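Chain by chain, the residues:
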Amino acid sequence: MDLRIFTEPQQGASYDTLLTVAKATEDLGFDAFFRSDHYLAMGSADGLPGPTDAWITLAGLARETKRIRLGTLMTAGTFRLPGVLAIQVAQVDQMSGGRVELGLGAGWFEEEHRAYGIPFPKEKFARLEEQLAIVTGLWDTETGKTFSYQGRHYQLADSPALPKPVRGKVPVLIGGHGATRTPRLAAQYADEFNIPFASIEDSERQFGRVRAAAEAAGRGADDLVYSNALVVCVGKDDAEVARRAAAIGREVEELKANGLAGSPDEVVDKIGRYGAIGASRIYLQVLDLDDLEHMELISAQVQSQLS
């Protein structure tokens, strides 16, 4: 089971804070550092000192880390034109020596679009499908040849399809709860399917849909990696769990029901139950980015039991 650190910087984090967490991610033996792609804090968070851009952040981390993989859950398709996104991701991949992964979603948080003057189209899913075709098509185009695309939302003419990722293609993550279109898109374009904040039962049902869609598309069901993203709150004892839950404004019992919370042994047991239904990777949503002791505990007493 791969454990990855997943952060939500829009809730309040500077680049320096993210760098500290990414370096701890690497030093503590986690597989990857991922971040969300949002420009506006949610809930009661003040978001100070203000938003950081996902791909600018990852570009900086690409030069300041050596081993961990870097990526997004999920880049919002509404924020970037697909041709520009393909260039950005390929460049950051080159900067990292081939350690980048692209989680790409349709975008959903209308309020942040209004706050920063970003268009919020009605037909987001159809745009996402074209974006996936364009980004992967640009990377797949043989060097020296050109790429053209005529879609309803995007048109490209004779693109040189440069630059290229280090290994020709960046792994693509697609995720979500949709019962029909999401599995179909995952089967067509994804290297990994991720379901965020879902129960074991809902995850098993959605993994089954994606596996069936992959087989219907002529792929092996096991060609994809299956993963979950879950909030994490671990403590050596009940008091420490309660303290960490309070620090992120959550209740312990709610976290135990909907995430990975409790003692290290409790969390290992629940991760094992996700593994039993096909997940081989867990994105640990770490909400208190100043609590590095939390990550140290997870590394020493959770990750060590899973490796």
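Residues numbered from 1 in each chain as written. Predicted model: local features only at pLDDT ≥ 70, side-chain atom pairs only at ≥ 80, totals over all residues. Heavy atoms only, no water.

A. Spatial organisation of the packing of aromatic side chains. Following the criterion strictly, the structure yields 6 aromatic pairs and no others. Here F34 and Y283 contribute two aromatic rings whose centre-to-centre distance is 5.0 Å and whose plane-to-plane angle is 70 degrees, an arrangement assigned as edge-to-face. Note that F34 is positioned in strand 2 (residues 32–35) and Y283 in strand 12 (residues 281–286), a separation of 249 residues in sequence. Both residues of the pair, F34 and Y283, belong to the buried class. One aromatic cluster in this structure is built from Y39, F79 and Y116. In this structure, R181 is placed above the aromatic ring of F125, and the distance from its NZ or CZ to the ring centre is 4.1 Å. (Phe/Tyr/Trp six-rings, centres within 6.5 Å; stacked < 30°, edge-to-face > 60°. Helix = DSSP H or I, 4+ residues; strand = E, 2+ residues; numbered from the N terminus. Buried < 20%, exposed > 50% of the residue type's maximum accessible area, 1.4 Å probe, protein only. Lys NZ or Arg CZ within 6 Å of the ring centre and 35° of its normal.)

B. Quick look at the nonpolar core. Grouped together as the largest cluster of nonpolar side chains are 76 residues, with contacts concentrated most on W55, W139 and L284. At 8 residues, the largest contribution of residues to this core is made by helix 5 (residues 124–140). Not counting the four nearest positions on each side in its chain, W139 is found in contact with A86, V89, A90, L102, P163, K164, P165, G168, K169, V170 and V172. (Core = buried A, V, L, I, M, F, W, Y, C linked by side-chain atoms within 4.5 Å. Contact = heavy atoms within 4.5 Å.)

C. Layout of helix 2 (residues 54–64). Among the residues making up helix 2, those that are buried are A54, W55, T57, L58, A59, L61 and A62. In this fold, the buried residues of helix 2 make contact with helix 1 (15–27), strand 2, strand 3 (69–72), strand 4 (75–76), helix 3 (82–96) and strand 5 (100–105). By the N-cap criterion, in which a side-chain oxygen at the helix start approaches the backbone nitrogen of a residue two or three places on, helix 2 is capped by D53, the distance to W55 being 3.1 Å. (Polar contact = N/O pair within 3.5 Å; in protein donor to acceptor, adjacent residues only side chain to side chain.)

D. Spotlight on the side chain of T7. Mapped onto the elements, T7 comes out in strand 1 (residues 2–7). Classification of T7 by relative accessible area gives buried; the value is 0%. Beyond its immediate stretch of four places on either side in the chain, T7 contacts L18, V21, F33, F34, R35, S36, V286 and L289.

E. Region of interest: the environment of L297. Summarising the element assignment, L297 is placed in helix 11 (residues 292–306). When the C-alpha positions of L297 and A157 are compared, they lie 52 Å apart, and in sequence the two are 140 residues distant. For L297, the residues in contact, after removing those within four places along its chain, are V234, G235, K236, E240, R244, P264 and V302.

F. Inspection of the packing of helix 3 against helix 5 at higher detail. Running from N to C, helix 3 and helix 5 cross one another at 45 degrees; their axes reach a closest spacing of 9 Å. Relative to helix 5, helix 3 is oriented oblique. Note that helix 3 runs across helix 5; the crossing there is right-handed. Here P82, G83, L85, A86, V89 and A90 of helix 3 come into contact with helix 5, specifically with Q131, I134, V135, L138 and W139. (Axes fitted to C-alpha atoms, helices over the stretch in contact; angles between N-to-C directions. Parallel < 35°, antiparallel > 145°, perpendicular 65-115°, else oblique. Left-handed = near helix turned anticlockwise from the far one by under 90°.)

G. Geometry of the side chain of Q10. Take Q10: it is sitting in the loop between strand 1 and helix 1. The exposure class of Q10 is buried, given its relative accessible area of 4%. A distance of 2.6 Å separates polar atoms of two side chains, one belonging to Q10 and the other to S36. Residues contacting Q10, with those up to four places away along its chain left out, are S36, H38, L40, A41, M42 and G47.

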